Amino acid sequence: SPRAAPPPPADGSAPAAPQDASYTAPLGQRTNASLEVLVSRDVKVSGCLGPVDSLGKKGPMVSDTVVGHGGTTHWRMSSVAEDTTLALFFDIAAESGQARQGDPTGAYGQGGSEQFFLQFITRSVTSTGEHRMRATTITRRWVDGTDLRDLTSGFDQEAAAVVMARLAAAKMEAEEAEFDATRWLDRSLIRMCSRFGDYRREDPASFQLAPQISLYPQFIFNLRRSQFVQVFNFSPDETAHFRMCLNRVPCSDALAMIQPTLMSYGFQGPPEPALLDVASIAPDRILLLDTFFHTVVFHGQTVAQWREAKYQEQPEHAAFKALLEAPQSDAASIVDTRFPSPRFVDCDQNGSQARFLLARLNPSATYNRDSGVGTGGDIIFTDDVALGVFLDHLKKLAVAG
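Residues numbered from 1 in each chain as written. Predicted model: local features only at pLDDT ≥ 70, side-chain atom pairs only at ≥ 80, totals over all residues. Heavy atoms only, no water.

## Structural notes on the overall build of the protein
Stated formally: Numbered from the N terminus, helices here are DSSP runs of H or I no shorter than four residues, and strands are runs of E no shorter than two. Here's how the labels work: a residue is buried when its accessible area is under 20% of the maximum for its type, exposed when over 50%, partly exposed in between, all with a 1.4 Å probe on protein chains only. Only heavy atoms enter the contact rule, under which two residues are in contact if any of them lie within 4.5 Å.
The helix and strand inventory of the protein stands at 11 helices and 14 strands. Across the 401 residues in the protein, those meeting the buried criterion constitute 40%. A separation threshold of at least 6 residues defines the contact pool for the protein, and within that pool the share at least 24 residues apart is 63%.

## Thoughts on the pairing of strand E2 (residues 43-49)
In plain terms, the rule: One bridge is not enough; two strands pair if DSSP finds at least two bridges between them.
Counting buried positions along E2 yields 6 of 7 residues, so the element is predominantly enclosed. Where E2 lies against strand E5 (residues 87-92), 6 bridges are found, and the strand directions are antiparallel. Note that in E5 the partner of Lys44 across the bridge is Asp91.

## Some points on the confidence of the model for the protein
In regions of low pLDDT, the predicted coordinates are not meant to be interpreted in detail. Note the following rule: One confidence number per residue, pLDDT, is output by the predictor and ranges from 0 to 100.
Averaged over the protein, the pLDDT score is 88; the fraction of residues at 70 or greater is 86%. The model gives residues 1-7 a pLDDT under 50, and that stretch makes 3 contacts with residues more than four places away or in other chains. Note on residues 13-24: pLDDT under 50 across the span, and 9 contacts to partners over four residues away in sequence or across chains.

## A look at the packing of aromatic side chains
Here a ring pair, both rings aromatic, is described through the centre-centre distance and the interplanar angle of the planes. Which entries qualify depends on this criterion: The criterion for an aromatic pair is that two Phe, Tyr or Trp rings (for Trp, the six-membered ring) have centres within 6.5 Å, with stacked assigned to planes under 30 degrees apart, edge-to-face to planes over 60 apart and tilted to the rest. By the criterion adopted, a ring carries a charge over it if an Arg CZ or a Lys NZ lies within 6 Å of its centre and within 35 degrees of its normal.
Tallied over the entire structure, the rule returns 11 aromatic pairs. On the numbers, 6.0 Å between centres and 80° between planes, the contact of Phe155 with Tyr216 is edge-to-face. One end of the pair, Phe155, is in the loop between helix H2 (148-152) and helix H3 (157-175); the other, Tyr216, is in helix H5 (residues 216-224), with 61 residues separating them in the sequence. What makes Tyr216 buried here is its relative accessible area of 5%. An aromatic cluster of three or more residues is present, and its members are Phe234, Phe242, Phe292 and Phe293. Across from the ring centre of Phe196, 5.4 Å away, lies the NZ or CZ of Arg195, which sits over that ring.

## Concerning the nonpolar core
Soluble globular proteins tend to bury their nonpolar side chains together. For the record, the criterion: Here the nonpolar core consists of buried residues drawn from Ala, Val, Leu, Ile, Met, Phe, Trp, Tyr and Cys, with membership extended through side-chain atoms lying within 4.5 Å.
Counting 41 residues, the largest nonpolar core has Met164, Tyr216, Leu223, Phe228 and Met257 as the members making the most contacts within it. Within the residue set of this core, elements represented by two or more residues are E5, H3, helix H4 (181-196), H5, helix H6 (236-246), helix H7 (251-258) and helix H11 (387-398). Broken down by element, the residue count for this core peaks at 8 residues, all from H3. Ignoring anything within four residues of it in the chain, the contact list for Tyr216 reads Phe155, Gln157, Ala160, Ala161, Met164, Leu189 and Met192.

## Some details on the pairing of strand E13 (residues 294-299)
Burial analysis of E13 places 6 of its 6 residues in the buried class, which makes it a mostly covered element. Burial of the side chains of E13 extends over both faces: His294, Val296 and Phe298 are buried on one face and Thr295, Val297 and His299 on the other. Here 5 bridges tie strand E12 (residues 286-290) to E13, and the two strands are oriented antiparallel to one another. Counted as the bridge partner of Leu289 is Val296 from E13. Counted along the chain from E12 to the antiparallel partner E13, the turn is 3 residues long, and its residue Phe292 has a positive phi close to 75°. The pairing of E13 with strand E14 (residues 343-348) spans 6 bridges and is classified as parallel. The partner of Phe298 across the bridge, within E14, is Cys347.

Take a look at the structure:
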């Protein structure tokens, strides 16, 4: 039977929460959390994107440019977990920017500094009622931007893609029909490639990107085709769920939502990563797709026929039985360890459920564009451009005058 609550203390205060050393909060969650950001005078806070609500704390550290939940340096969260991730946006103070333009060394005026500081103060309440506060202070140095290597050396293209996804989702919610997310992403990508690319003007063949940025156009290409931008065929509830997860999961999980991971299983060797392309489909291979929201095991046409013939039940075909079990085991591990639990899809080539895989693959081979599909391969019935065509147009626009 349930244990009765202890009587209140004689002084009228609230009774203390029972201490149970064996109890741990699920998923490491804490409640009644808040985040406060303090910055040096060179920087101002523009806003935050994540599972937060503004506390409306004004002050000289607040920027006039609002991004997401802006106009404050203090936010609250109903709960936080160990993997809760927030995106914070900052702006350069107007007076600092003007002074820095005239003094590229960074030591502008009296008391100028080549560094700026950011401090994050997180407060929360544990499951046992304890109040915790953690202060994290970081510093970064100023650069004048004339040498692009100073900027690209610290660029995190994976984090940048996740930030762009959160920004696009926030703009779609705030501006609704007036905002064209695809065009906004395209223009942002063109400006970035034109600024940081290495090329000769009007020569697309000479265009190159630094290794720290080379995968970023590919991430944006997949973001344009993701459920965060292409909301057609999704209910409003599903779209809200996708965006809610995007705004709180860590970068690695959010990147899987944008650009899913694809593993290939075959007789030739151990599982190996495969290109997120329709060319990865082969009749004698099994593919495992992880989109964070879906986990798909896709059997090639020949593998499906062997399975239906029950070759895996024959002792001489133990290798085929192990091939069938390997992706199922890996998929079960993903489903069991992830929250929220993804939907599991087990499908075959040319089957109706194969759409869960085909919808996320690069359409390098379609009904009107054949890129050398091998025997037993597949094509995608779509009018979307392929990644190669997308990159070719990007190069032409980036090197234009």
